[in-house]
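The primary structure of each chain is shown beneath.
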Amino acid sequence: MRILLTLAYDGTNYCGWQRQINGPSVQQTLEEALAVLLNRDINDVKTIAASRTDAGVHALGQRAVFDIDELKIPLDKFPQVLNGLLPSDISVTSAQFVPKSFNPRFAAKYKTYAYHINNAPIPNPLLRRYSAFVPQPLDIEAMQKAARNFIGRHDFTSFCAAGGSAKTTVREVYQCGVRFPRPYGKKTFLGDEVEISPGEKIFFGDEVKASPGEKYFPCGPVKIIITGNGFLYNMVRIIAGTLVYVGLGKIPHGAIPEIITAKDRTKAGKTMPPEGLVLEEVGYQPFTA
């Protein structure tokens, strides 16, 4: 029988999902725990994942399968028992039976990634493992306009890092957006309501009330969400870097179609660091927004 696991993990201390000779991986750690739990030799335990996340990348909804002849633990208790053998930075959140032919990578209809940015003048030590630090104010509206241009079926050569092994660079993006919790309005400071000026920085803890028509470049947590049928090597991190360049005014928001058409990696933005990236979901039904 084949069991499909859903996993969440902090990728900081791992060289990625896949087994590597240069350091511990999430796959190796999971397989070692499964070998102990199932009383099997480590060489007899093999997992297949939906996504081979890179070093330092995190996950909330990674999927992986393994095979077993007989399960002596109730399936609903399996995650809890397995978590007792895993380190605290890896957690199995669910387990279910799937057909023996089920491959979590090829059966996936879509994957959703989130890229987190700490947009503030001073870095927050509590966010350094889970977001990229950008101290300059970002033009969120321009980033949102640019993000919409990624939606659709395109050749994403301009957003693929060297070293990938994909047979084709064509991918379809179902959604791409930039979220900021409080982009406009008024804030409460020491009990007094204060108008927000253009260019003013808004920090964590500020209470902001919406006020239509006001515009400013805020600081705070920025989240880039992208869903597609698959992604090239470092594609999400390069798209995130391109959107950051748009937010900084280095790339016009209307230039994205030209960058896509160019099929030239040098035309896009930088590759953002891995710690801001999270694999949020792998879906096995057609994507619906």
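Numbers given for residues are sequential positions, taken from 1 along each chain in its written order. Thresholds applied to this predicted model are a pLDDT of at least 70 for local features of residues and 80 or more for the giving and counting of side-chain atom pairs; totals over whole chains, interfaces and linings are not thresholded and use all residues. Processing note: side-chain calculations cover all non-hydrogen atoms of the structure and skip hydrogens and water entirely.

Glancing now at the overall build of the protein. By the criteria applied, helices consist of DSSP H or I runs no shorter than four residues and strands consist of E runs no shorter than two, each listed in order from the N terminus. A count of helical and extended segments in the protein gives 5 helices and 13 strands. For the protein, buried positions account for 47% of its 289 residues. Excluding contacts between residues fewer than 6 apart, the proportion of contacts in the protein whose partners are at least 24 apart in sequence is 72%. All accessible-area figures derive from a Shrake-Rupley calculation using a 1.4 Å probe, and residue coverage is judged against the displayed protein chains alone. Summing over all exposed atoms, the protein offers an accessible surface of approximately 14,300 Å²; the carbon and sulfur share of this is 52%. Throughout, exposure labels follow a simple rule: accessible area from a 1.4 Å probe, protein chains only, divided by the maximum for the residue type, with under 20% read as buried, over 50% as exposed, and the rest as partly exposed. Two residues form a contact once any of their heavy atoms are found within 4.5 Å.

What follows is about the pairing of strand E12 (residues 220-228). Counting buried positions along E12 yields 7 of 9 residues, so the element is predominantly enclosed. In this sheet, E12 lies alongside strand E5 (residues 110-119) in antiparallel orientation, the contact comprising 9 bridges. Bridge pairing in E12 places His116 opposite Lys223. DSSP calls a pair of strands paired once it identifies at least 2 bridges connecting them. Pairing geometry for strand E8 (residues 170-179) and E12, over 6 bridges, is antiparallel. Along E12, the bridge assignment pairs Arg179 with Lys223.

The next thing to look at is unusual backbone geometry. Positive phi outside glycine occurs at Asn39, with the angle close to 55°. Within the secondary structure, Asn39 is located in the loop between helix H1 (26-38) and strand E2 (48-49). One non-glycine residue, Lys263, lies in the positive phi region at around 55°. Positionally, Lys263 belongs in the loop between helix H5 (256-262) and strand E13 (277-283).

With respect to the helices and strands, Glu31 occurs in helix H1. A residue is classified by how much of its surface remains accessible, and Glu31, at 3% relative accessible area, is buried. We define a polar contact as two N or O atoms separated by no more than 3.5 Å, with the added condition that, inside protein, one atom must be a possible hydrogen donor and the other a possible acceptor, whereas residues neighbouring each other in sequence contribute only through side-chain atom pairs. One polar contact links Glu31 to Arg19, side chain to side chain, over a distance of 2.9 Å. Contacts of Glu31, omitting those with residues within four sequence positions, involve Arg19, Ile42, Val45, Lys46 and Thr47.

By convention a nonpolar core is built from buried Ala, Val, Leu, Ile, Met, Phe, Trp, Tyr and Cys residues, the set being connected through side-chain atoms within 4.5 Å. Core analysis: the largest hydrophobic core is formed by 77 residues, its most contacted members being Leu5, Leu30, Phe78, Leu82, Phe150, Phe159 and Leu243. When sequence neighbours within four positions are dropped, the list of residues in contact with Phe78 reads Leu5, Leu34, Leu37, Leu38, Phe66, Leu71, Ile73 and Ala95.

Let's shift gears to the side chain of Gln27. Relative to the assigned elements, Gln27 resides in helix H1. A relative accessible area of 7% means that Gln27 is categorised as buried. When near neighbours in sequence (up to four residues on either side) are disregarded, Gln27 contacts Trp17, Gln18, Arg19 and Thr47.

As a further point, take the packing of aromatic side chains. Only Phe, Tyr and Trp rings are paired, with Trp represented by its six-membered ring, and only when their centres lie within 6.5 Å; those with planes under 30 degrees apart are stacked, over 60 edge-to-face, the remainder tilted. In this structure the tally under the stated criterion is 7 aromatic pairs. A ring pair is formed by Phe66 and Phe78, whose centres lie 5.8 Å apart and whose planes are at 20°; its orientation type is stacked. Taken together, the residues span a long stretch of sequence, with Phe66 in strand E3 (residues 58-67) and Phe78 in helix H2 (residues 78-83) at a distance of 12 residues. The buried category is assigned to Phe66, whose relative accessible area is 2%.

Across the chain, each position has a pLDDT score giving the predictor's confidence in that residue, from 0 to 100. Per-residue confidence for the protein gives a mean pLDDT of 89, with 87% of residues at or over 70. With pLDDT under 50 throughout, residues 203-208 is counted as low confidence; its partners more than four residues away or in other chains account for 18 contacts.

In this section: helix H3 (residues 140-147). What H3 keeps buried is the set Ile140, Ala142, Met143, Ala146 and Ala147. Projected down its long axis, H3 carries its buried residues within an arc of 160°, all on one side. At its buried positions, H3 is contacted by E8, E12, helix H4 (235-247) and H5. Two or three places before Glu141, at the opening of H3, Asp139 has a side-chain oxygen 3.3 Å from that residue's backbone nitrogen. Directions from the helix axis toward the C-beta atoms define the arc.

This brings us to the pattern of salt bridges. Between side chains of opposite charge, a pair can form as their charged atoms come close. Should a side-chain nitrogen of Lys or Arg be within 4 Å of a carboxyl oxygen of Asp or Glu, the pair is scored as a salt bridge. One pass over the full model with this rule turns up 8 salt bridges. Across the pair Asp10 and Arg129 runs a salt bridge whose closest N-O atoms are separated by 3.0 Å. Highlighted residues: Asp10 in the loop between strand E1 (2-9) and H1 and Arg129 in the loop between E5 and strand E6 (132-134), separated in sequence by 119 residues. By relative accessible area, Arg129 is classed as partly exposed at 31%. Among the salt bridges present, the one from Lys100 reaches Asp67, with a minimum N-O distance of 3.3 Å. With a gap of 33 residues between them, Lys100 in the loop between strand E4 (90-98) and E5 and Asp67 in strand E3 connect regions that are remote in the sequence. It is possible to trace a salt-bridge network through shared partners that takes in Arg2, Asp67 and Lys100.

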